[in-house]
Amino acid sequence: MTVVASHESELEVELTVDAVRAAFRAWLTDNAATMDEFRSITGELDEVFAKLCTLQRLLFNAGWLRLGWPARVSGLGGTILLRGVIVEELAAAGYPPPFSFTAMEVLAPAVVDHATPELSAEMIPRLLRGDDFWCQGFSEPGAGSDLGAISTRAVDDGDNWRVTGQKLWTSWASYSNRCLLIVRTGAQDSAHRGLTALFVDMDTPGLTVRPYVSMTGDAEFAELFFDDAIVPKSRTLGVVDGGWNVAMSILGYERGAAAWQRQAWMMARLNDLLRAGKPSARSVGETYEMIHALRLSSRRTMRVLGGGAPAGPAASIDKLMLSTAEQSLFDLALATVPDVLFADDAETQNWRRDILYSRAASIYGGAAEVQRNIIAQRLLNLPRAR
Amino acid sequence: MMDDESTRLVWQSIAGIVAQSPPEQALGELREFGWAELLLSEDSQLATEALFSAQGRHVVPWTGLDKVLLAHLRPDDDLWTATVVLPSAGHDVPTSMLSGSTLRITGVTAVRATRPALIVVPALEDGELVIASGRLPTDGVWPEHAGGLDPASGWTSLDVAIPAGELLVTRGTQAASAWAAAAAAGQRALAHELASLAESMLELAAEHVTSRKQFGVPIGSFQAVQHRLADVKVWVELAKLAAENAWEESDPRASALAKILAGRAARTAIKNCQQVLGGMGFTWEHQFHRLLRRASVLEPLLGGAEHLRERVGASIIAAGSGPRLVML
Ligand SMILES: Cc1cc2nc3c(=O)[nH]c(=O)nc-3n(C[C@H](O)[C@H](O)[C@H](O)COP(=O)(O)OP(=O)(O)OC[C@H]3O[C@@H](n4cnc5c(N)ncnc54)[C@H](O)[C@@H]3O)c2cc1C
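Residues numbered from 1 in each chain as written. Chains lettered and ligands numbered in written order. Predicted model: local features only at pLDDT ≥ 70, side-chain atom pairs only at ≥ 80, totals over all residues. Heavy atoms only, no water.

**Q** Mind laying out the interface of chain B and chain A, listing which residues take part and the relevant values?
**A** With 44 residues of chain B in contact, the opposing surface of chain A contributes 48 residues. Each partner contributes to the roughly 4,000 Å² buried at the junction of chain B and chain A, and carbon and sulfur atoms together form 66% of this total. Counting the surface chain B buries against chain A, the share from its top three residues, R324(B), V326(B) and L328(B), is 20%. On the surface where chain B and chain A come into contact, there are 9 salt bridges. For R264(B), the salt bridge identified is with E286(A), shortest N-O distance 2.7 Å. At the boundary of chain B with chain A, the tally comes to 18 residue pairs in polar contact (both at pLDDT 80 or more). Every element with two or more residues in the side of chain B that touches chain A is listed here: α6 (172-211), β9 (217-218), α7 (223-246), α8 (253-277) and α10 (305-319) of chain B. Considering every element that reaches the side of chain B that touches chain A, the biggest residue donor is α7(B), with 14 residues. A breakdown of the residues in the side of chain B that touches chain A according to their chemical character gives 23 nonpolar, 12 polar and 9 charged. (Contact = heavy atoms within 4.5 Å. Buried area = accessible area lost by both parts, 1.4 Å probe. Salt bridge = Lys/Arg side-chain N within 4 Å of Asp/Glu carboxyl O. Polar contact = N/O pair within 3.5 Å; in protein donor to acceptor, adjacent residues only side chain to side chain. Helix = DSSP H or I, 4+ residues; strand = E, 2+ residues; numbered from the N terminus. Nonpolar A, V, L, I, M, F, W, Y, C, P; charged D, E, K, R; others polar.)

What follows is the structure, encoded as structure tokens:
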């Protein structure tokens, strides 16, 4: 049992799930007054973003967001389970997830695993502290479900890559200053074998970001245009032509660990719904059943990841449960608080946003059909179509 | 608690008894093995999981479920010569009634070749939960054969009135908490059995779609078929995780949720596996209908999924928040 003391913060806690849970709960109680302004954050995206940044910095400075990360990236040690405890207790106490939470669970582990030690030591603390925001540049006009069709090219130019091509649906790209990009370094027909992962600064000359509006009405999405953009080779993650592995490990985290964050938020939203209206007992039971199922499968994946193993194809169960649970919850919201559909006030804006956003849960991170293909072929070993 | 090696041995022995004993000897062999002692010890999870997973796998014509409930209702009696009358199918609260001098027994019970020496009947008396136990007054009232959709399940419905005078009746919080614990334990056992039945159906179906060819290819290469079975796989995995989890939690709702998810797994398996088995799965000869029958009659015992969802939902609404289960 390691007891850690961080220099910048006063945090001293034994690195076990129970000890961290107890300590963080106590801290939340002691700091309830400071934290109160983050309880309900509504309004324009820019304001929300700014508030969430402040919340993230507060949590980082107190040491909580450094738990579950290794010392070489300025972490305080312990496994991913400690991050799961923080996110869960924060949600249970009624606070929203800080802006970078998704990037922390989805992208950051891949950077810790695949970047040069210097790069990860520089970049991870910046992400955790809220100095930097990262986006995920996988999808392209011709490569959505089929990542093997990525055609954004990186050409070898001595110490640099020269990148040309287009990405889209890049969430929050206009708020981000770094991007985890998957590009083609092999021949055009090299499919998943000729991909490479790069860590790219968003202010790179030759990279143009064009934000566009998602179905929710938020300017969440962006298209990224790369026109001979120069990326130093020191920003390569993993080996050249090994980008598929990086992408798969990211998808494993996205399907498994990010699902744990999402369920913590769903539990809180279900409780919000009980305050907002009068749902039927049967449908509350069913929605809770779905969230319970998501917790069960996601906890299993968290434990696998915590033990240092890859998430594997079982994470497809988590992703399928995530979309099933989220859509069940917001279908219940539709039935329970239909008035919000006719309102314009800031208070009910989150319901409208969440109801719409829940529709995407079965599309991003691998569509539900793609997860079923993986379950059938990799977990049940059914024959592949010819 | 046992170490891994002893756990494996116990698991193997119980599975062996279930797989190999002639039906009329199986309970006797479990008794000799010391299963009741294991059930009453801190290893009751092992005793339950091993027995009911095996019951599901082998679709045996007998059950140990009544013993699981008796361990909570009458832990000091001989479990092997006693039995319990469960509430009628679909109910998780007693459906038998005690009023004045009569106990009206309405419920489902396990048929036994020899008449049980002691019957235990959870019942309602003026709306309060009581547990009545005693000897049966006359021959003949105890069913000797099961009928219905799955006569081999060993379960049959019962509707008789007997004089209450000689019965021992427990009342109050003692009765209520014993019943709550017994029902939760029964739901966990059923969750293990239903999950195992669903998994057996999935194995049959996966094997079939891999070997059966139409249009020149295995039917399992069609995406519509793959997705049906992927859904069964998802719910089977979740049912197993939920059943395991129910043993970690002191909240009885975790046991109800385990039974709910096992019911979902069973229903999805019944529907989707039957579909991909095609006409071959619709014959008497094929094993599938035995699994379907068993899962169908077990699902409503101690409350079916729909009923339990409503219960769990109502308790969440009353509390204003969902319970925190499945902790990291
Ligand atoms: C809210 C949101 C945020 C996103 N954020 C990002 C991001 O930050 N970065 C990023 O790179 N991408 C992001 N995406 C893009 C996302 O990853 C893709 O939308 C997703 O991979 C699906 O690709 P597609 O949209 O091209 O759909 P397609 O691949 O065209 O598929 C459309 C539909 O066809 C069906 N389908 C496709 N393939 C199969 C198959 N093999 N078997 C059966 N059915 C199939 C599915 O129903 C699927 O939904 C985001 C998307 C959304 C909706």
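**Q** Now, about helix α9 (residues 288-298) of chain B: what can you tell me, with residues and values included?
**A** Listed in full, the buried residues belonging to α9(B) are F288(B), H289(B), L291(B), L292(B), R294(B), A295(B) and L298(B). The inward-facing, buried residues of α9(B) contact α4 (44-58), β6 (155-163), α6 and α8 of chain B. (Buried < 20%, exposed > 50% of the residue type's maximum accessible area, 1.4 Å probe, protein only.)

**Q** If you had to explain the pairing of strand β5 (residues 128-134) of chain B to someone new, which residues and values would you point to?
**A** Residue and element names in this part refer to chain B. Among the 7 residues in β5, 6 count as buried, and that is most of the element. Sheet analysis places strand β4 (residues 118-125) next to β5, joined by 7 bridges and oriented antiparallel. Within β5, the residue paired with A123 across the bridge is V130. What sits between β4 and β5 in their antiparallel hairpin is a turn of 2 residues, with D126 showing a positive phi close to 50 degrees. Summarising the sheet, β5 and strand β7 (residues 168-170) pair through 3 bridges and their orientation is antiparallel. Opposite S133, over in β7, you have L168 as the bridge partner. (Pairing = 2+ DSSP bridges.)

**Q** Give me the site of the ligand: which residues, what numbers.
**A** In the vicinity of the ligand, 18 residues are found, and the nearest of them are Q136(A), S139(A), S145(A), S171(A) and Q223(B). This site is not confined to one chain, since residues near the ligand come from chains A and B. A distance of 2.9 Å separates an oxygen atom of the ligand from a polar atom in the side chain of E369(A). Look at the ligand: alone it shows 960 Å² of surface, and the protein chains cover 69% of it. (Near = heavy atom within 4 Å. Areas by Shrake-Rupley, 256 points an atom, 1.4 Å probe, with all protein chains shown as cover.)

**Q** Hey, could you go over the packing of aromatic side chains for me, with residue numbers and the actual values?
**A** In this description, a pair of aromatic rings is defined by centroid distance and the angle of the planes. Inspection of the entire model under this criterion finds 17 aromatic pairs over all chains. Seen from their ring centres, F99(A) and Y175(A) are 6.4 Å apart, and the 50 degrees between their planes marks the pair as tilted. Within this pair, whereas F99(A) is found in the loop between α4 (80-92) and α5 (101-106), its partner Y175(A) is found in the loop between β5 (160-167) and β6 (178-184), the two being separated by 76 residues in sequence. Each residue in the set F49(A), F99(A), F133(A), W172(A) and Y175(A) is aromatic and connected to the rest through ring pairs, giving one cluster. Sitting over the ring of W161(A), K233(A) keeps its end group 5.1 Å from the ring centre. Geometry around W235(B) places R264(B) over its ring, the cationic atom sitting 5.2 Å from the centre. (Phe/Tyr/Trp six-rings, centres within 6.5 Å; stacked < 30°, edge-to-face > 60°. Lys NZ or Arg CZ within 6 Å of the ring centre and 35° of its normal.)

**Q** Just give me the short version of the state of the cysteines, but keep the residues and values in it.
**A** Residue and element names in this part refer to chain A. Overall, the coordinates contain 0 disulfides over all chains when judged by the stated rule. With no disulfide of its own, C179 lies 3.8 Å from the sulfur of C135, the closest cysteine sulfur. For C179, a relative accessible area of 1% gives the class buried. (Disulfide = S-S within 2.5 Å.)

**Q** Give a detailed account of unusual backbone geometry, specifying residues and quantitative values.
**A** Residues and elements named next belong to chain A. Although it is not a glycine, D241 adopts a positive phi angle of roughly 70 degrees. For D241, a relative accessible area of 35% puts it in the partly exposed group. Even without being glycine, N381 reaches a positive phi, approximately 55 degrees.

**Q** Break down the domain arrangement of chain B for me, citing the residues and quoting the values.
**A** Residue and element names in this part refer to chain B. The domains assigned to chain B are domain 1 (1-63), domain 2 (69-170) and domain 3 (174-319). A C-alpha centroid distance of 21 Å is found between domain 1 and domain 3. Taking both partners together, domain 1 and domain 3 bury about 1,200 Å²; carbon and sulfur atoms supply 51% of that area. Ranking the residues of domain 1 by area buried against domain 3 places Q45, R57 and V59 at the top, with a combined share of 44%. When the shortest N-O distance is used, the salt bridge between R57 and E199 registers 3.9 Å. Viewed at the interface, domain 3 and domain 1 are joined by 5 residue pairs in polar contact (both at pLDDT 80 or more). (Domains from an automatic or database assignment.)

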